[in-house]
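Results of the structural survey
Each chain is listed here by its residues.
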Amino acid sequence: MPQTKAQSPEQRIHTLRDEIAHHEYLYYVDDAPVLTDAQYDALMNELKALEAEHPDLITPDSPTQRVGGKPKEGFIKTPHSRPMLSLDNAYNEAELRAWDQRLRDALPSTETVRYVCELKLDGLSLALHYAPGPKGSAHLERGITRGDGTIGEDVTSNVRTIRSVPLSIDAAKLAAAGLPLTFEVRGEVVLPEAAFLKLNQERETQGLAPAANPRNAAAGTIRTLEPNIVAQRRLDMYAYFLLRDGETLLPQQSTTLEALRTAGFRVNKYARAVDDIDAVLKFIHDAEPLRDTLGYEIDGVVIKADSIAQQRRLGFTGKAPRWAIAYKFAARAGITQLLGVAFQTGRTGKITPVAELQPVSIGGTTVTRATLHNPDEIARLGVRIGDFVSVERGGDVIPKIVEVVEDKAHPRGSEAIVFPTNCPRCKTALVREEGEVDLRCVNVSCPARLEEELRHFASRGVMNIEGLGEALIAQLLGHTLAEQEQTASHAIDSTTTVSPDEPTEAETPTRDALVHSIADIYDLTKAQLLTLERIGEKSADSLLAQIERSKSAPLNRVLLGLGIRHVGERTAQTLADEFGSLDTLIAATEAPAEGADDPLTRINDVGPKVAEAIRDFFSNKTNLALIERLRKAGLTFTSERRERGTTFAGLTFVLTGTLPTLTREVAKEKIEAAGGKVSGSVSKKTSYVLAGEEAGSKLDKANSLGVPVLDEAAFLALLKDGITT
Ligand code: IVH
């Protein structure tokens, strides 16, 4: 729509925002878009251009801000207005009828009970908090994950990127839905199947392990520290609860769903109010076959008493409400024959047995492989090659073998599964560490491990070395392209099928490897690259430029790239923020003095297991030598840490209770910006406890240890003048 002359830039910005919000609603909530993508983009581009000219007019609820600011410091823990509970399950009709009976027995016999049936979406639950915005609107203030049910994490910047979550709701819509200006919506975040498949395709090209199922992928995505990555993933949210001050706002679940829909939230279209348990069973019967057609995963049906008054009287048992139950569908299963077992060596040297199956169709998908996890699992199943097995496909990409079908077990000619004693790739003897179930190849130069390490190191989101993909890595490790194509039918890499009467040879590369360690990629020359197949001048130059550029990758990415066990994206970021340089981190891995705080486990995200993995990594000579070589190659290992003040340098604060004006997030930012640290628990080392209303055990502990306690005013004075009042 052209800009009309009468409109000021400010008015035009408002018009555009309203229009975009309307079209987003039609597209994401109603599934009935009227604009083409290009028309939508044109509106968005015009708005972006106007906002770039008038940055003072940018507001957080502008649709341009869906890809918003970065949650710089990880996520802030935030309490829920009332606990986010889980549900009890029923697995069959008898259990469901027993629940219905219990529920009706608990209510006066004169009352009828209506139920609302909703699909049980297989995602993660989320709480959205709305607060008064301009001109009688309500705007999205916060989005909080379930966490442990009582305290979740503030993932607002990521939630903003979910297009089916309204950033603001205008006064007219609020009125139509009967909503106040301040309220809370709870619902389920899911990753649609198409987005999930796309994500795993991307992960595969980056040489990363695929996400096991859409739920894990959605949960990982919502906790990603890069909102623009979240935006690309296309999460979706279905709303099902509406609260104010922790209390259900409307008198029925059915009217709640309607109000949510009117207000612009996405509400699952299959939800129905029904009169009795027979109708519930019919709903379930009709819902089960939908599973394979929906485009998102469901794992059952949730049944809720419709009347909120009845819900209140029914109350809760332990962690679940009496007024709701989850009817879980049986996992989709099929029976087929185990044809063989392949053993794969992963990046950390872990050997994974993968079952190769006679192809079988389960719930519309042809299954050819299933995971067998580890030797213990094989023993537990008592499975042999040639056996018929029952295979289940949950939401997971890799199906599971659940049992051997007894009447068809061990047919004549079946063979025991022989776990290799040596790495299928490099032939090094495998090791089983104490207390671990997995066998590992401990050869740090194992080509299978190196191949996976290189892929991980070069991948997007890690060192971002574009062009250093699977095919090139294989060549750098000494394979020809022809060999690679031969093995390409093995979807998963580093796979060798071992059958007892077919001894395999240790792999002999057909040409000399150019790379024997991650550090070697920094020594590659153009002349060397030109000796490889399908590498010309141009691609050699661009690869070398990419490798050069990666030298200035920030510390968090290098830490991620090193492949330290248990150190993922988030922990790598935390470590980089906390220590600022690799040397400081390495120094912190030296064992703490007796009685001293462990500088690693003191950090919020780092538990004893992660700390041990970090210590193991940095006490290994090969790893230290690798780091030295990377340093010599010119890697900077520098942190993207913001400049910090020094007022609070060396001081550690613990926050507790609710402060009169500062949110926890802001208080934490202020402390860190002044060079201080925030810790989760009070110890002798704590410099100050910053306490607000309803401070709990942390305040008691501070008092008993004699740690000084500040209120907000004293804290602000200390921040300003460096003195306590
Ligand atoms: S109601 C106290 N409704 O299932 C009420 N939950 O097993 C609990 N879920 O944590 C939530 N679809 O993450 C509700 N239509 C639905 C749901 C649903 C999926 C999830 C939710 C919850 C879990 C409980």
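Structural notes, computed from the coordinates. (Residues numbered from 1 in each chain as written. Predicted model: local features only at pLDDT ≥ 70, side-chain atom pairs only at ≥ 80, totals over all residues. Heavy atoms only, no water.)

Let us look at the pattern of salt bridges. Under the counting rule described, the total for this entry stands at 34 salt bridges. A salt bridge links Glu93 to Arg97; the shortest N-O distance between them is 2.8 Å. Of this pair, Glu93 and Arg97 both sit in helix α3 (residues 93-105), four residues apart, which is roughly one turn of that helix. Residue Arg97 is classed as partly exposed on the basis of its relative accessible area of 31%. Two residues, Arg440 and Glu436, come together in a salt bridge whose shortest N-O distance is 3.6 Å. By relative accessible area, Arg440 is classed as buried at 7%. (Salt bridge = Lys/Arg side-chain N within 4 Å of Asp/Glu carboxyl O. Helix = DSSP H or I, 4+ residues; strand = E, 2+ residues; numbered from the N terminus. Buried < 20%, exposed > 50% of the residue type's maximum accessible area, 1.4 Å probe, protein only.)

Along the chain, the position of Leu716 falls in helix α25 (residues 712-721). Judged by its relative accessible area of 31%, Leu716 falls in the partly exposed class. Sequence separation between Leu716 and Gly264 is 452 residues, and the spatial gap between their C-alpha atoms is 41 Å. The residues touching Leu716, leaving out its near neighbours within four places in the chain, are Leu662 and Lys670. (Contact = heavy atoms within 4.5 Å.)

In the vicinity of the ligand lie 13 residues, with Glu118, Lys120, Leu121, Glu188 and Lys304 positioned nearest. Between the ligand and the protein, one listed contact pairs an oxygen atom with a side-chain N or O atom of Ser125 at 3.4 Å. Burial of the ligand by the protein chains amounts to 89% of its free accessible area of 520 Å². Breaking the shell around the ligand down by element, the ones donating at least two residues are β3 (115-121), β9 (236-244) and β12 (298-305). Looking at which element gives the most residues to the shell around the ligand, the answer is β3, with four residues. Residue composition of the shell around the ligand, by class: eight nonpolar, one polar and four charged. (Near = heavy atom within 4 Å. Polar contact = N/O pair within 3.5 Å; in protein donor to acceptor, adjacent residues only side chain to side chain. Areas by Shrake-Rupley, 256 points an atom, 1.4 Å probe, with all protein chains shown as cover. Nonpolar A, V, L, I, M, F, W, Y, C, P; charged D, E, K, R; others polar.)

Pairing is mixed across the open sheet formed by five strands, whose spatial order is β2-β15-β12-β3-β11. Among the strands making up the open sheet, the edge pair consists of β2 (89-90) and β11 (272-274). Note that β3 and β11 share three bridges and pair antiparallel. Paired with Cys117 across the strands is Arg272, a residue of β11. Against the sheet, helix α9 (residues 253-263) contacts β3, β11 and β12, and its axis sits at roughly 55° relative to β3. Packed onto the sheet, helix α10 (residues 277-287) meets β3, β11, β12 and β15 (324-328) and runs at close to 25° relative to β3. (Pairing = 2+ DSSP bridges. Axes fitted to C-alpha atoms, helices over the stretch in contact; angles between N-to-C directions.)

The sheet contact formed by strand β17 (residues 351-362) and strand β18 (residues 365-371) spans six bridges and is antiparallel. Counterpart to Glu356 in the pairing with β18 is Arg369. The antiparallel hairpin formed by β17 and β18 contains two residues in its connecting segment, where Gly363 sits at a positive phi of about 50°.

Before going further, it helps to examine the nonpolar core. Across soluble globular proteins, nonpolar side chains show a tendency to be buried alongside one another. Counting 76 residues, the largest nonpolar core has Leu96, Leu128, Phe183, Phe265 and Ile303 as the members making the most contacts within it. The contact partners of Ile303, leaving out residues within four places of it in the chain, are Leu96, Trp99, Tyr115, Val116, Val280, Ile284, Trp323, Ala324, Ile325 and Tyr327. If you look at the next biggest cluster of nonpolar residues, it comprises 55 residues, including Leu582, Ile586, Ile603 and Leu630. (Core = buried A, V, L, I, M, F, W, Y, C linked by side-chain atoms within 4.5 Å.)

The subject of this paragraph is the packing of aromatic side chains. Counted according to the given criterion, the structure contains 13 aromatic pairs. Measuring from ring centre to ring centre gives 5.5 Å for Tyr130 and Phe265, while their planes differ by 90°; the resulting arrangement is edge-to-face. Within this pair, whereas Tyr130 is found in strand β4 (residues 124-132), its partner Phe265 is found in the loop between α9 and β11, the two being separated by 135 residues in sequence. Phe265 matches Tyr130 in its accessibility class, with the two residues each being buried. Relative to Phe241, the ring of Tyr240 lies with its centre 5.2 Å away and its plane at 85°, an arrangement referred to as edge-to-face. Clustering of aromatic rings is evident, with ring pairs tying together Tyr240, Phe241, Phe316 and Trp323. (Phe/Tyr/Trp six-rings, centres within 6.5 Å; stacked < 30°, edge-to-face > 60°.)

So, on to the packing of helix α23 (residues 664-673) against α25. The relative placement of two packed helices is expressed as an angle between their axes plus a distance between the axes. Closest axis-to-axis distance for the α23/α25 pair is 11 Å, and the angle between their directions is 25°. Viewed along their axes, α23 and α25 adopt a mutual orientation that is roughly parallel. Seen from above, α23 lies across α25 with left-handed handedness. Across the interface between the two elements, Ala667, Lys670 and Ile671 from α23 touch Phe715, Leu716 and Leu719 from α25. In terms of residue class, the contact of α23 with α25 is made up of five nonpolar, no polar and one charged. (Parallel < 35°, antiparallel > 145°, perpendicular 65-115°, else oblique. Left-handed = near helix turned anticlockwise from the far one by under 90°.)

Right, let's talk about the environment of Leu314 for a bit. One can find Leu314 in helix α11 (residues 308-314). We classify Leu314 as buried; its relative accessible area is 3%. Taking the C-alpha atoms as reference points, Leu314 and Arg104, separated by 210 residues in sequence, lie 9.5 Å from one another. If near-sequence neighbours (up to four positions away) are discounted, Leu314 is found in contact with Leu103, Ala106, Leu107, Arg322 and Trp323.

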